[in-house]
Amino acid sequence: MSIFARFRDGVEVGENVFKTLAKFSPDGVMDVFASDQHNSYIKMTNAFFKHIGVERQATDDDVKEVCNRFSRHLKGEVTAALFNHLAYLSPGFRELLGENVLLIGRLEDTKAIEVDGGKGKLAKLAIEPEDVADKVDGFKTLVYLNPEHKESWEKNKEWLINIFERCQKLGKPLFNETLYLQQPGESDIEKSKKLPDVLIKMAEDFSPYGDFYKTQVPVLWAEENGKIVKICSPQTVRDTAVEMEKISPRPLLLLSAAVDFEQYSVQYGTVCDLVSGPMCGRAYFKEAFTMDETTDWETLENSFVKLAIPRIRQIRVLAKIMARSWWYKYEWISEEGKSLISESREIKPG
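Residues numbered from 1 in each chain as written. Predicted model: local features only at pLDDT ≥ 70, side-chain atom pairs only at ≥ 80, totals over all residues. Heavy atoms only, no water.

The first and last C-alpha atoms of helix 7 (residues 150-170) sit 30 Å apart over 21 residues, in line with the 30 Å expected at 1.5 Å per residue. When we look at burial in helix 7, the residues that qualify are Ser152, Trp153, Asn156, Lys157, Trp159, Leu160, Ile163, Phe164, Arg166 and Cys167. (Helix = DSSP H or I, 4+ residues; strand = E, 2+ residues; numbered from the N terminus. Expected span 1.5 Å × (residues − 1). Buried < 20%, exposed > 50% of the residue type's maximum accessible area, 1.4 Å probe, protein only.)

Pasting the structure below:
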């Protein structure tokens, strides 16, 4: 297979990976709608049922229902969308999403393997990439990391290296995500204060193993006992992102890490010129499940459109104007590759 590009650290990008990214994002912007968090969907759907007076617990089928309803509204609104296999393997899903949205399939299991009483977690696959390569355009992995727990740190790295090699052989781009693992007994405030230091270490060791590095940034505030506690300044968020961008041999994508949209919009605005786009999920839509006008499945879908689509458009405008092209970390691109991409971006006035 032909080599179409090469990262600065020497990792080569094959024809299929490059052509896939160029097909869906010829202008370089990689804005992603993230919709793969199964446990979160279970919790949000349970809240929806309680809100509308339905006395039952959410199931996998309910999660598929939500994903199907949300996916049909993403055409023309996002470059890419991330779903787990319950969604992307369901009949007719690709038709709902549309052929012009890059479909990223989550590979890892929702439940990682806990070690040492929760001090570490080991990622494991929910589905083999070779089994679903014909169903998706790219893959995504997530590992939870504790820099102080060396055993899980090294095993997760070995696991990720293996997955990246398999994705390269399949000709599919890999979106590699990491999250800091909250420690047993550690409060949200204590965890949040560690982020500026641990995120840089995580980026240094894990960012090379994929085509994109999906990362969180420090939080501006967190909630404790019903009160908002300021954690750091926007300058700290930006300083941390600057260091991660310097360290990472791959383009960064910014995840929401369960913060509300009010905070995510500030985080993204603070670092939007350092990353290649957003990879945001719940921050866009989680309130839709319990809005006053949400009374059944149809109105939940309507609430999603009312709430999430304007938020997606707001962040996407920032990405279109400010984001770094997904190929900016390449040191070399073939002539055929160059013919497939353009720095020109169409930005519709708001």
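Still more to cover.
Here we come to the sheet that holds strand 10 (residues 212-215). Where strands meet in a sheet, backbone hydrogen bonds hold them as pairs that are either parallel or antiparallel. The parallel closed barrel is built from 8 strands, whose spatial order is 3-4-5-8-9-10-13-14. Within the sheet, the average angular offset between the axes of one strand and its neighbour, ignoring direction, is 25°. (Pairing = 2+ DSSP bridges. Axes fitted to C-alpha atoms, helices over the stretch in contact; angles between N-to-C directions.)

Before going further, it helps to examine empty space enclosed by the protein. The gaps left among the atoms become clear once a water-sized probe is rolled over them. This structure, assessed with the given rule, holds 3 cavities of 30 Å³ or more. Of the voids in this model, the largest cavity is the one considered here, and its volume is about 50 Å³. As for the largest cavity, its lining consists of Arg106, Glu108, Asp109, Thr110, Ala112, Ala123, Lys124, Leu142, Val143 and Tyr144. Counting residues per element, the lining of the largest cavity draws most heavily on strand 8 (residues 138-145), at 3 residues. Of the residues in the lining of the largest cavity, the class split is 5 nonpolar, 1 polar and 4 charged. (1 Å grid on protein atoms, 1.4 Å probe; cavity = no way out; pocket = protein on both sides within 12 Å on 5 of 7 lines; lining within 4 Å. Points joined across faces, edges and corners; volume = space filled by probe spheres on them. Nonpolar A, V, L, I, M, F, W, Y, C, P; charged D, E, K, R; others polar.)

Any two packed helices are characterised by how steeply their axes cross, that is the angle between the axes, and by the distance between the axes. Contact pair helix 10 (residues 261-271) / helix 12 (residues 297-322): the axes reach a minimum separation of 10 Å and the direction vectors enclose 10°. Here helix 10 is positioned roughly parallel relative to helix 12, judged by the angle of their axes. Two secondary-structure elements touch here, helix 10 through Phe261, Tyr264, Ser265, Tyr268 and Gly269 and helix 12 through Arg311, Gln314, Ile315, Leu318 and Ala319. Its residues assigned to classes, the contact of helix 10 with helix 12 shows 6 nonpolar, 3 polar and 1 charged. (Parallel < 35°, antiparallel > 145°, perpendicular 65-115°, else oblique. Contact = heavy atoms within 4.5 Å.)

Another point: the nonpolar core. Counting residues in each nonpolar core, the largest one holds 83 residues, and the members touching the most others are Phe33, Phe83 and Phe285. When residues of this core are assigned to their parent elements, the largest contribution, 8 residues, is made by helix 12. Beyond its immediate sequence surroundings of up to four residues, Phe285 is in contact with Phe33, Ala34, Tyr41, Met44, Phe70, Phe304, Leu307, Ala308 and Arg311. Ala5, Phe18, Met279 and Ile333 belong to the second largest nonpolar core, which has 25 residues in total. (Core = buried A, V, L, I, M, F, W, Y, C linked by side-chain atoms within 4.5 Å.)

What follows covers helix 12. In a regular helix each residue adds 1.5 Å, so 26 residues correspond to 38 Å; helix 12 covers 36 Å between its end C-alpha atoms and thus fits that length. Where helix 12 begins, one side-chain oxygen reaches toward the backbone nitrogen of Glu298, 3.3 Å away; that side chain belongs to Asp296. (Polar contact = N/O pair within 3.5 Å; in protein donor to acceptor, adjacent residues only side chain to side chain.)

Mapped onto the secondary structure, Lys140 falls in strand 8. At 2.8 Å, the side chain of Lys140 and the side chain of Glu108 are in polar contact. For Lys140, the contacting residues outside a window of four places in its chain are Asp36, Leu82, Ile104, Gly105, Arg106, Leu107, Glu108, Leu174, Phe175 and Glu177.

Now for the layout of surface pockets. The volume enclosed by the largest pocket comes to roughly 1300 Å³. Lining the largest pocket are 44 residues, with Lys191, Ala257, Ala258, Val259 and Arg282 sitting closest to its centre. Among the elements of the structure, strand 3 (32-35), helix 2 (38-52), strand 9 (174-180), helix 8 (188-206), strand 11 (221-224), strand 14 (278-280) and helix 11 (282-285) are those that each provide at least two residues to the lining of the largest pocket. Of all the elements, helix 2 adds the most residues to the lining of the largest pocket, at 5 residues. Grouping the constituent residues of the lining of the largest pocket by class yields 20 nonpolar, 11 polar and 13 charged. The space that makes up the second largest pocket amounts to roughly 550 Å³.

Strand order in this open sheet of 3 strands is 2-1-15, and the pairing throughout is antiparallel. Each edge of the open sheet is held by one strand with a lone partner, namely strand 2 (12-14) and strand 15 (330-333). Averaged over neighbouring strand pairs, the angle between their axes works out to 25° when direction is ignored. Note: strand 1 (residues 3-7) against strand 2, 3 bridges, orientation antiparallel. When the sheet's bridge partners are listed, Arg6 is paired in strand 2 with Glu12. The strands that helix 1 (residues 15-24) touches are strand 1, strand 2 and strand 15; relative to strand 2, the one it contacts most, it runs at about 70°.

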